[in-house]
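Coordinate analysis (summary)
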Amino acid sequence: MDLNKTNSGNRIHIGFFGKVNAGKSSLINAFANREISIVSDIKGTTTDPVYKSMELKNLGPVLLMDTPGISDETELGVERLKKTNEVIDKTDIAVIVVSDEKVYSEKELLNKLDNTPKIIVINKVDKLTEEQIFNIKNQFIDEKVIEVSAKNKMGMELLLENLLKFAPRVNDKLFDGLVSEKNYVLLVIPQDIAAPKNRLILPQVQSIRELLDKNAIVSMVKLEELQDVLKLVNKSPDLIVADSSVFLEVYNKKPLDSRLTSFSVLFAKLKGDIDEYLRGVEALKNLKSGSKVLIAECCTHAPAEEDIGRIKIPKLIKNTINPNILIDVNSGFAFPDNISEYDVIIQCGGCMLNSKNINTRIEKAKELGVPITNYGIAIAYFKGILDKIEY
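The protein has the name [FeFe] hydrogenase H-cluster maturation GTPase HydF in an unreviewed UniProt entry, where Peptoniphilus olsenii is given as its organism.

Attention now goes to the sheet that holds strand 9 (residues 239-242). By way of backbone hydrogen bonds, the strands of a sheet pair with one another, either parallel or antiparallel. Spatially, 4 strands are ordered 8-7-9-10 in an open sheet, and the strand pairing comes out parallel. Each edge of the sheet is formed by a strand with only one pairing partner; in this case those strands are strand 8 (217-221) and strand 10 (259-262). On average, each strand axis in the sheet is tilted by 20° relative to the strand beside it, whichever way the strands run. Bridging between strand 7 (residues 184-188) and strand 9 involves 4 bridges; their strand directions are parallel. For Val188, the partnering residue across the bridge sits in strand 9 and is Ala242. With respect to the sheet, helix 9 (residues 263-271) is in contact with strand 7, strand 9 and strand 10, its orientation differing from that of strand 10 by roughly 75°.

Before going further, it helps to examine the packing of helix 11 (residues 308-320) against helix 13 (residues 375-383). Packing of helix 11 against helix 13 brings their axes to within 11 Å, and their N-to-C directions diverge by 35°. Helix 11 and helix 13 meet at a crossing whose hand is left-handed. Each of Ile308, Gly309, Ile313, Leu316, Ile317 and Thr320 in helix 11 lies in contact with helix 13, whose residues at this interface are Tyr375, Ile379, Phe382 and Lys383. Partitioned by chemical class, the residues of the contact of helix 11 with helix 13 number 7 nonpolar, 2 polar and 1 charged.

A few words on the packing of aromatic side chains. Across all of its chains, the model carries 1 aromatic pair by this definition. For the ring pair Tyr381 and Phe382, a centre distance of 5.6 Å and an interplane angle of 65° mean the geometry is edge-to-face. Tyr381 sits in the partly exposed class, given a relative accessible area of 24%. Exposure remark for Phe382: the relative accessible area of 12% places this residue in the buried category. In this structure, Lys107 packs its charged tip against the face of Phe140, placed 4.9 Å from the ring centre. The cationic tip of Lys292 hangs over the ring face of Tyr342; the distance from NZ or CZ to the ring centre is 5.0 Å.

Right, let's get into the nonpolar core. Counting residues in each nonpolar core, the largest one holds 53 residues, and the members touching the most others are Val250, Ile345 and Ile346. A per-element tally of this core places helix 13 first, with 6 residues. Residues contacting Val250, with those up to four places away along its chain left out, are Val188, Leu223, Leu226, Ile240, Ala242 and Leu260. Core analysis: the second largest hydrophobic core is formed by 26 residues, Ala22, Ala30, Val62 and Val95 among them.

Time to look at the environment of Gly69. The residue Gly69 is located in the loop between strand 3 (60-66) and helix 2 (75-88) in this model. Expressed as a C-alpha distance, the spacing of Gly69 and Asp48, which sit 21 residues apart in the sequence, is 9.6 Å.

Next up on the list: the pattern of salt bridges. Here the structure, examined in full by the defined rule, presents 14 salt bridges. The partner of Glu282 in a salt bridge is Lys285, and the shortest N-O contact between them spans 2.6 Å. Within this structure, Lys19, Asp100 and Glu106 form a network of salt bridges that share partners.

Here we come to the sheet that holds strand 2 (residues 50-56). A sheet is described by the order of its strands in space; here 6 strands give the open sequence 2-3-1-4-5-6, paired in mixed fashion. The sheet is open, and its two borders are formed by strand 2 and strand 6 (145-147), each paired with just one other strand. Neighbour to neighbour, the strand axes of the sheet diverge by 25° on average, direction disregarded. Sheet analysis places strand 1 (residues 12-18) next to strand 4 (residues 93-98), joined by 5 bridges and oriented parallel. Among the inter-strand pairings, Phe16 is bridged to a residue of strand 4, identified as Val95. Along the sheet face, helix 5 (residues 156-166) touches strand 1, strand 4, strand 5 (118-122) and strand 6 and points at about 165° away from the line of strand 5.

A few words now on helix 10 (residues 274-281). Think of an α-helix as turning once every 3.6 residues; residues three or four places apart then point the same way. Of all the residues in helix 10, the buried ones are Ile274, Glu276, Tyr277, Gly280 and Val281. Down the axis of helix 10, the sector holding all buried residues measures 160°, keeping them to one side. The secondary structure elements touched by the buried residues of helix 10 are helix 9, strand 13 (344-347), helix 12 (355-367), strand 14 (372-374) and helix 13. Structurally, the start of helix 10 carries an N-cap: the backbone nitrogen of Asp275 is 3.2 Å from a side-chain oxygen of Asp273.

Before going further, it helps to spend a moment on unusual backbone geometry. The phi torsion at Lys153 lies on the positive side, around 55°, for a residue other than glycine. Mapped onto the elements of the fold, Lys153 is located in the loop between strand 6 and helix 5. Looking at Lys153, the relative accessible area reads 48%, which means it is partly exposed. One non-glycine residue, Lys182, lies in positive phi territory at about 70°. Note on placement: Lys182 falls in the loop between helix 5 and strand 7. Looking at Lys182, the relative accessible area reads 56%, which means it is exposed.

Here Leu368 lies in the loop between helix 12 and strand 14. For the pair Leu368 and Glu341, spaced 27 residues apart in sequence, the C-alpha to C-alpha distance is 9.8 Å. The residues contacting Leu368, other than those within four sequence positions of it, are Ile339 and Ser340.

Each value, and the rule that gives it
Residues numbered from 1 in each chain as written. Predicted model: local features only at pLDDT ≥ 70, side-chain atom pairs only at ≥ 80, totals over all residues. Heavy atoms only, no water. Pairing = 2+ DSSP bridges. Helix = DSSP H or I, 4+ residues; strand = E, 2+ residues; numbered from the N terminus. Axes fitted to C-alpha atoms, helices over the stretch in contact; angles between N-to-C directions. Contact = heavy atoms within 4.5 Å. Left-handed = near helix turned anticlockwise from the far one by under 90°. Nonpolar A, V, L, I, M, F, W, Y, C, P; charged D, E, K, R; others polar. Phe/Tyr/Trp six-rings, centres within 6.5 Å; stacked < 30°, edge-to-face > 60°. Buried < 20%, exposed > 50% of the residue type's maximum accessible area, 1.4 Å probe, protein only. Lys NZ or Arg CZ within 6 Å of the ring centre and 35° of its normal. Core = buried A, V, L, I, M, F, W, Y, C linked by side-chain atoms within 4.5 Å. Salt bridge = Lys/Arg side-chain N within 4 Å of Asp/Glu carboxyl O. Arc of directions from axis to C-beta. Polar contact = N/O pair within 3.5 Å; in protein donor to acceptor, adjacent residues only side chain to side chain.

Written as structure tokens, this is what we have:
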């Protein structure tokens, strides 16, 4: 992992949407001042979303997302629309690109982006007449509308200026309310078969960086050496952060006055809805033979022998509740369409997703009445220490 690069989950996600050949790809290239997306006069050149991480002045780290056209009604177009909907789920700011007076598709898109800040961008103003531009504006009287020409690179500063107005607030930090300056924080990081060779995973890296920024005293240890470290220092850790998979083992070894949490719980609070996760974990009590559980794993890494989501949590469910509970694992950024089939969803920490994407998942589950919880919360529940950890 490059420690100097911002993970995509911590970037502002800017989605560019519009009909086939509205000039979305050209606009992204002009705005970014580099070739990011393929541009062609052939309709439907963008067949899958294109992502580009970059730094934008005054806006910081962003992820630009170019989407397939929304007006393609072919069989392939249906698949493209599905991909576009997945992008909508994680869009912090939407740029809707319009280049003609027929805006039915764009109006439909507005409804899908109801709670998302958005800008209507009239592209190709170098070709449109004043009357056409007026007619387009008149159909978006309740929205922010700007005029640009991607071809002539006109209006790019205006677009940036308006994006800045909609930039989401900076999320609370992982350790806000938990750690103060000079606090001693001990990170317990297992190095089992699931641990990546020669590197730390994102939650660990992000935690270390933030703790250093807070002027906390931070150290790391493997579970096997935890007691050795506790004997070496004269002060009990103010906070111990453990991998969820060793929650109980750390709890049994920690000093009585040291508070305990996990990386997964910290990310649940940072990006998701910790209260909803705590409500959702109660649904585990109602599981029985034939109940269905969805493990929602955002990463797509190859499964390991001791994988938390694919191996450890399913074992806990079957061993603790009922061996005949049905468990499905969904890996990757896309949330499955059939979540209504499940009695409970257990979501990973979501370190690779942005807050918008995680909260969209939670809202979808709530709308369908499906309880949703989190890896760390669920493991603490199974280990019997949920009421003894910090949120």
